[in-house]
Amino acid sequence: MKVYISADIEGVAGVVSPQQGQPGNGEYERARRLMTEEVNAAIAGAFEGGATEVLVNDSHGPMSNIIPELLDPRADLILGKPKPFNMAAGLTRDFAAVFLVGHHAAASNFGVLAHTTNSFAFREVRLAGRALGEPGIYGAYAGQLGVPVALVTGDDRLVEEARDLFPQAEAVCVKTALSNRAARQIAVEKARAAIAAGARQALANLRAMRPFTIPGPFVAEFVMNSPALADQGAVLPPARRQDATTLAFACADAAEAVGWMTALSAMSAVLR
C-alpha cells in the first residue's frame, strides 16, 4: 500500500508569519524543522497503518524545505523545482492514498497565511466555476488518477474547506486561525501525535474513501492580483481575457489546469 504525502508549511503548528516560510532567516530554519517533524508523524502513522511505501513531496515555496537528514529514513523524498505537476510531482495511479500535511485555506479566504499557489499572483482560482485552494486543485488531479485524499492537516479553516471536498478523509486541526497571521495552536507534540493517529485512522478507513473529481472538459479561471499580472498571462495563446484581472483556459482535465496555473505562477515573477 503506497502513500503519497504532499507537504506544505503554512498549516504546520507553530507557523503563523510569512517570514517563517521564506529562506534566509532564523524563523524559517525553525519552521522547516517543525514541518519536517509533522511529516515524520504522518510517515510513522502511515507505516503503523499498513503502508508499505511512502513518498514525500516537498510542496512549499522553493520546495527544498524538508531537512533530509531529519526525515524518517523509511520514506523517499522529492525536493526542488520546477518539477512535473508541482505539488503533486511523483503521484501515480498505483498510490492508495494522498496525505496533505501542513496545508492551508484558499486565497481570499480566512485562515492562517491563506493563499493559492502564489500569494503574489492569484486572488482566486476556479475550476468549473468552483473556487478552490491547493487541496481542491491537487485533490482533483489525484482524483483524476483514481487516488483519494485520505488525510488533511492544518488550521480550522483548512479543515472546514477539506470537509466539503473530501468528506470521508481524516482531518487534523493543529491550530485555530485568529487572523491571517495569528492562531491559537495546540502544542507541537500534541499536533504530531494527532497527525500520526489521523494517518493510521485514514488508512484503516481507506475503503470508504472516494476520489474527488471534476469531470472534464471544463474552464479554469485565474483571478490575478492585478491587471498587470493578467496582461502578462494573456500573452499565452490559449488564454481568454474575461475582465481586467481574470484569465480563462479551456481544460480537458485537472492536469491541464495544474499546468496553466503553474505557468502563470512562474510568469508572475517577471513583475515582482
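Residues numbered from 1 in each chain as written. Predicted model: local features only at pLDDT ≥ 70, side-chain atom pairs only at ≥ 80, totals over all residues. Heavy atoms only, no water.

K.L.:
Provide a residue-level description of the sheet that holds strand β3 (residues 76-78), including the pertinent values.
P.N.:
Overall, mixed pairing links the seven strands, which are arranged β3-β2-β1-β4-β7-β8-β9 in an open sheet. Only two strands of the sheet have a single neighbouring strand rather than two, namely β3 and β9 (182-185). Averaged over neighbouring strand pairs, the angle between their axes works out to 25° when direction is ignored. Pairing of strand β1 (residues 2-7) with strand β2 (residues 53-58) involves six bridges; the strand directions are parallel. Along β2, the bridge assignment pairs Y4 with L55. Along the sheet face, helix α4 (residues 188-204) touches β1, β4 (97-101), β7 (149-155), β8 (170-179) and β9 and points at about 145° away from the line of β8. (Pairing = 2+ DSSP bridges. Helix = DSSP H or I, 4+ residues; strand = E, 2+ residues; numbered from the N terminus. Axes fitted to C-alpha atoms, helices over the stretch in contact; angles between N-to-C directions. Contact = heavy atoms within 4.5 Å.)

K.L.:
Any details on the packing of helix α2 (residues 134-144) against helix α6 (residues 254-267)? Residues and values, ideally.
P.N.:
Their axes nearest at 8 Å, the elements α2 and α6 cross at an angle of 145°. Considering only the axes of α2 and α6, their crossing is left-handed. Each of I137, Y138, A140, Y141 and Q144 in α2 lies in contact with α6, whose residues at this interface are A254, A255, V258, M261 and T262. Looking at side-chain class alone, the contact of α2 with α6 contains eight nonpolar, two polar and no charged residues. (Left-handed = near helix turned anticlockwise from the far one by under 90°. Nonpolar A, V, L, I, M, F, W, Y, C, P; charged D, E, K, R; others polar.)

K.L.:
Tell me what's going on with unusual backbone geometry, and back it up with residues and numbers.
P.N.:
Residue P82 is reached from K81 by a cis peptide bond, and omega for that bond is -5°. Within the secondary structure, P82 is located in the loop between β3 and β4. Along the chain, G216 connects to P217 via a cis peptide bond; the corresponding omega equals -5°. Within the element layout of this structure, P217 appears in the loop between α4 and β10 (218-224). At M63, a position not held by glycine, the phi torsion is positive, near 60°. For M63, the location among the structural elements is in the loop between β2 and β3. Note on M63: relative accessible area 3%, which makes it buried. The backbone phi angle of L113 is positive, close to 55°, even though this residue is not glycine. The residue L113 is located in the loop between β4 and β5 (122-127) in this model. (Buried < 20%, exposed > 50% of the residue type's maximum accessible area, 1.4 Å probe, protein only.)

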